[in-house]
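So the chains spell out like this:
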Amino acid sequence: MRRQRYESELLKGFVRIVLWNGEDIGFYHLSKKDTHVYIHLIQIAADYQNQGIGSRVMQQIEADTMGMNIQEIKLSVLKKNPARQLYERLGYQIEEDRGSKLLMSKQIQVNQRNF
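One structure accompanies this document, and this report is about it. (Residues numbered from 1 in each chain as written. Predicted model: local features only at pLDDT ≥ 70, side-chain atom pairs only at ≥ 80, totals over all residues. Heavy atoms only, no water.)

1. Some remarks on the overall build of the protein chain
Logical step 1: Of regular secondary structure, the protein chain possesses 3 helices and 6 strands.
Logical step 2: In the protein chain, the succession of α and β elements from N to C terminus is α-β-β-β-α-β-α-β-β.
Logical step 3: Across the 115 residues of the protein chain, 33% fall into the buried class.
Logical step 4: In the protein chain, the share of contacts with a sequence separation of at least 24, taken over all contacts with a separation of at least 6, comes to 46%. (Helix = DSSP H or I, 4+ residues; strand = E, 2+ residues; numbered from the N terminus. Buried < 20%, exposed > 50% of the residue type's maximum accessible area, 1.4 Å probe, protein only. Contact = heavy atoms within 4.5 Å.)

2. Concerning the sheet that holds strand S1 (residues 14–20)
Logical step 1: Strand order in the open sheet made by the 6 strands is S1-S2-S3-S4-S6-S5, with mixed pairing throughout. Whereas interior strands pair on both sides, the edge strands pair on one side only; in this sheet they are S1 and strand S5 (93–98). Across the sheet, the mean angle separating the axes of adjacent strands is 25° when strand polarity is ignored.
Logical step 2: Taken together, the 7 bridges between S1 and strand S2 (residues 23–33) define a ladder with antiparallel strand orientation. In the sheet register, leucine 19 faces S2, and the bridge partner there is aspartate 24.
Logical step 3: Against the sheet, helix H2 (residues 53–64) makes contact with S1, S2, strand S3 (36–44), strand S4 (72–78) and strand S6 (101–107), and its axis sits at roughly 150° relative to S3, the strand it touches most. (Pairing = 2+ DSSP bridges. Axes fitted to C-alpha atoms, helices over the stretch in contact; angles between N-to-C directions.)

3. Overview of the packing of aromatic side chains
Logical step 1: If you walk through the whole model with that rule in mind, you get 1 aromatic pair.
Logical step 2: Ring centres of tyrosine 87 and tyrosine 92 lie 6.2 Å apart, and the angle between their planes is 65°; this geometry places the pair in the edge-to-face category.
Logical step 3: The class of tyrosine 92 is buried, set by a relative accessible area of 3%.
Logical step 4: Lying across the ring of tyrosine 38, lysine 33 places its NZ or CZ 5.8 Å from the centre. (Phe/Tyr/Trp six-rings, centres within 6.5 Å; stacked < 30°, edge-to-face > 60°. Lys NZ or Arg CZ within 6 Å of the ring centre and 35° of its normal.)

4. Section: the nonpolar core
Logical step 1: Core analysis: the biggest nonpolar cluster contains 23 residues, and Ile39, Met58, Ile61, Leu75, Tyr87 and Tyr92 have the highest contact counts within it.
Logical step 2: Of all the elements in the fold, those that place two or more residues in this core are S2, S3, H2, S4, helix H3 (83–89) and S6.
Logical step 3: At 4 residues, the largest contribution of residues to this core is made by H2. (Core = buried A, V, L, I, M, F, W, Y, C linked by side-chain atoms within 4.5 Å.)

5. Some remarks on the pairing of S5
Logical step 1: Relative to S6, S5 runs antiparallel, the two sharing 5 bridges. Following the sheet pairing, isoleucine 94 is matched in S6 by methionine 104.
Logical step 2: Linkage of S5 to S6, two consecutive antiparallel strands, is achieved through a turn of 2 residues, within which glycine 99 is found at a positive phi near 80°.

Nothing here speaks to function; it is all geometry.
As structure tokens, this is what we get:
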């Protein structure tokens with residue numbers, strides 16, 4: 001049952017490779033649902049973490065929403081995940097407490113779409 005759901009979600013979305021100085025260092029998986037984008041996963045190689053790359057990836061995701069009629073970006077994060085601080089710094093707010101995880105979201109403004 002889970003496998004079918006995971007495969008279904010993967011097919012609905014798209015995956016992008018994160019390149020840094022010509023090297024593949026990670027990836028992210030997104031899907032579009034109505035007027036929001038859901039970030040399923042962001043993975044950056046350990047050697048490249050804490051260098052501002054995550055912030056750039058998040059900015060790129062927001063830029064990628066241009067022309068997609070997106071009003072909001074959503075993601076889930078473990079409460080103890082250090083990336084939570086990044087998301088909060090970038091303007092993501094807690095929408096729902098799901099026990100060990102938080103659903104976070106950010107409204108996308110028209111002026112934010114003009115990078």
